[in-house]
Amino acid sequence: MKGVIDRIENGTAVVLAEKHGREFVVDAESLPEDAEEGVWLDLEVKGDKIVSAEVNKKETERRRDTASRNVGELKNASDEGSVHDRVE
Amino acid sequence: MREEQLKRGVFVVALVGLVLVAGCVGPLAGESPDSSDPGTGISEDDNGDDEYYGGGSQGGAPSVSLSDVPGPDDTVYSSGGNSTPEGSESLNVHFIDVGQSDSTLIQGPESNILIDTGDWQGDEAISYLESEGIEEIDLMILTHLDADHIGQADRIIDELGVEEVWMSGQSRSTNTFGRLVDAVLENDVGYYEPRTGDVFSVGDMRIEVLHPDGVPSDTNDGIATRIVFGESEVLFTGDAGESAESDMLQTEMDVESDIYQVGHHGSSTSSMEEFVKSVNPDIAVYSAGEDNQYGHPDDVVINRLNDIGADVYGTPVHGTVVIEATPEEDISVSTERDASLVDSPPTLLPGNTLRRIAAP
């Protein structure tokens, strides 16, 4: 299954396999060296454990592009500024 | 109002005995975090059940209250009472028990603000909002894009009315973030990226933006706000770490607050000593999961907060914590669950009446 590294905190990585509704909390050092936040992985899972993880560069790039396009769309769709009253 | 306060004062005295008999209601003193080692092996987090902790924060929830607090040593505690009368002119801050995650509802007399939205695998935040009869969120602030902070944002936007959402300008390559963006666009929700120094008013609340001053490079870093309601203040820093905290101290904006949501679920990467001393809260609340794999909260942080005289509450211990604050800075705390202090290590502050009553 595919998974994405959502966050790494104090050496602990949280890998989401969102399509499967699953989350794995793992030692970041057990993941490939270039596995950082936002990287997509091809996972082999047995039971509740990840037994192997490989960086999927193509998917990582594709997803990162989509994510920055998403933020761009948010900015474009909204008027400059907040609807709430600015005091200062 | 004054008369009510007085009546409540009488109630306080009457209930002191009850506190002794009924068990211990109150904040934590140096609670020991679960010391399970987050660094061993690979395991699956099974915290994903749709467990629902809500069910209303009032009506029988144990309650302690402090009135007119000049300093921690003069703190007067009471127990009991329904702290949120209908048509209240108070601010009600609901630290929703969303497990190892964050979601806080700030309910003003006219407007609602939601800061973070629980974990992607749960539904505690949206269930709680529905059970509280919240129909409209005037402002949703997503401190940063971790899936334990933006998790239920898309469903809340789809199912409740959300007028505007604030994000820092970061992006994340998760489906959870993609669904959030879709929900914002499909529902025509306003979008704004607040920056240090911005001040807005939302209903009777004043929102002061303390961070960031640009799109943050650290993924934990994000939007920090101080919400001011009359004389009462509440501070939210999300998962911001040491460097963001020192940035906040460098600005001209005031961080001092009555109520502090303990940064990063009580992790020792946040709540630096200089920072918490400047915030100088009377009440601190952390949101974390029971027996979580991250060791949150860190004992160092809890002790640091105790040392500056703050009463510390935590969602793994107390369940949902609701704090009512009046514009005159009268503050009372209601918790979903009684928290027994019997198992806590004896790091009680000499000035704290409640803890003395509660200790066996």
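Conventions adopted
Residues numbered from 1 in each chain as written. Chains lettered and ligands numbered in written order. Predicted model: local features only at pLDDT ≥ 70, side-chain atom pairs only at ≥ 80, totals over all residues. Heavy atoms only, no water. Helix = DSSP H or I, 4+ residues; strand = E, 2+ residues; numbered from the N terminus. Rg over C-alpha atoms; globule rule 2.2 N^0.38 Å. Buried < 20%, exposed > 50% of the residue type's maximum accessible area, 1.4 Å probe, protein only. Contact = heavy atoms within 4.5 Å. Areas by Shrake-Rupley, 256 points an atom, 1.4 Å probe, with all protein chains shown as cover. Lys, Arg positive; Asp, Glu negative; His and termini not counted. Charge placed at Lys NZ, Arg CZ, Asp CG, Glu CD. Pairing = 2+ DSSP bridges. Axes fitted to C-alpha atoms, helices over the stretch in contact; angles between N-to-C directions. Expected span 1.5 Å × (residues − 1). Arc of directions from axis to C-beta. Buried area = accessible area lost by both parts, 1.4 Å probe. Polar contact = N/O pair within 3.5 Å; in protein donor to acceptor, adjacent residues only side chain to side chain.

K.L.:
Whenever I open this one, the overall build of chain A confuses me. Can you help?
P.N.:
The helix and strand tally for chain A stands at one helix and six strands. Ordered by position from N to C terminus, the α and β elements of chain A give β-β-β-β-β-α-β. Here chain A has a C-alpha radius of gyration of 17 Å; the compact-globule value for 88 residues is 12 Å, and the former is much larger. Seen along its three principal axes, the alpha-carbon backbone of chain A occupies a region of about 55 × 25 × 25 Å. For chain A, with 88 residues in total, the buried portion stands at 44%. The long-range share in chain A, meaning contacts at least 24 apart out of those at least 6 apart in sequence, stands at 34%. Accessible area of chain A: about 5,000 Å², with a carbon and sulfur share of 42%. Here chain A contributes 14 positive and 22 negative side-chain charges, whose respective centroids are spaced 7 Å apart.

K.L.:
Just to check I follow, could you spell out the sheet that holds strand β17 (residues 283–286) of chain B for this structure?
P.N.:
Within a sheet, each strand pairs with its neighbour through backbone hydrogen bonds, oriented either parallel or antiparallel. Read across the sheet, eight strands follow the order β6(A)-β12(B)-β13(B)-β14(B)-β15(B)-β16(B)-β17(B)-β18(B) without closing on themselves; strand pairing throughout is mixed. Edge positions in the sheet fall to β6 (85–86) of chain A together with β18 (311–314) of chain B, since each has one partner strand and no second. Two elements, strand β13 (residues 205–211) of chain B and strand β14 (residues 224–229) of chain B, share five bridges in a ladder whose sense is antiparallel. Looking at β14 of chain B, one finds that I207 of chain B is bridged to I227 of chain B. The strands that helix α5 (residues 242–250) of chain B touches are β13, β14 and β16 (259–261) of chain B; relative to β13 of chain B, the one it contacts most, it runs at about 120°. Where helix α7 (residues 299–307) of chain B meets the sheet, it contacts β16, β17 and β18 of chain B, and its direction lies at approximately 145° from that of β18 of chain B.

K.L.:
What is the right way to read helix α4 (residues 175–186) of chain B from this model?
P.N.:
Residue pairs spaced three or four apart in an α-helix point in one direction, given the helix's 3.6 residues per turn. A rise of 1.5 Å per residue sets the reference length of α4 of chain B, with its twelve residues, at 16 Å; its end C-alpha atoms lie 16 Å apart and thus fit the reference within 8%. If you check which residues of α4 of chain B are buried, you get T176, F177, G178, L180, V181, A183 and V184 of chain B. For α4 of chain B, the elements touching its buried residues are β2 (12–17) and α1 (57–77) of chain A together with α3 (153–159) and β10 (164–166) of chain B. Positive phi shows up at D188 of chain B, right after α4 of chain B, with a value of about 50°.

K.L.:
What should I look at first to understand α5 of chain B in this one?
P.N.:
All names here are of chain B. Residues of α5 that are buried include every one of A244, E245 and M248, and no others. The arc that holds the buried residues of α5, viewed along the axis, is 100°, so those residues lie on one side. Along its buried surface, α5 packs onto β13, β14, β16 and α6 (273–279).

K.L.:
I'm lost on the interface of chain A and chain B in this one. Help?
P.N.:
Interface size is commonly expressed as the accessible area that is lost once the parts come together. Counting residues at the interface gives 45 residues for chain A, matched by 52 residues for chain B. In this assembly, chain A packs against chain B so that about 4,100 Å² is buried in total across both faces, 50% of it on carbon and sulfur atoms. When residues of chain A are sorted by the area they lose upon contact with chain B, E23, L74 and H84 of chain A head the list and together hold 17% of the total. At the surface where chain A touches chain B, the tally comes to 22 residue pairs in polar contact (both at pLDDT 80 or more). If you list the elements that add at least two residues to the side of chain A that touches chain B, you get β1 (2–9), β2, β3 (22–27), β5 (49–55), α1 and β6 of chain A. When residues of the side of chain A that touches chain B are assigned to their parent elements, the largest contribution, ten residues, is made by α1 of chain A. As defined by bridge partners, β6 of chain A adjoins strand β12 (residues 199–202) of chain B across two bridges and the pair is classed as antiparallel. Bridging across to β12 of chain B, D85 of chain A finds its partner in S201 of chain B.

K.L.:
Teacher, can you tell me more about the pairing of β2 of chain A here?
P.N.:
Across a regular strand the side chains alternate sides, sitting on one face of the sheet and then on the other. Residues and elements named next belong to chain A. Along β2, six of the six residues are buried, which leaves the element largely enclosed by surrounding structure. Because side chains alternate across β2, one face comprises the buried residues T12, V14 and L16, and the other comprises A13, V15 and A17, equally buried. For β1 and β2, the ladder comprises five bridges, and the chain directions are antiparallel. Paired with I5 across the strands is V15, a residue of β2. Connecting β1 to the antiparallel partner β2 that follows it, the hairpin turn spans two residues, and N10 within it adopts a positive phi of roughly 50°. The sheet contact formed by β2 and β3 spans six bridges and is antiparallel. Bridging from a neighbouring strand, V14 pairs with V25 of β3.

Shape is all these values report; function is a separate question.
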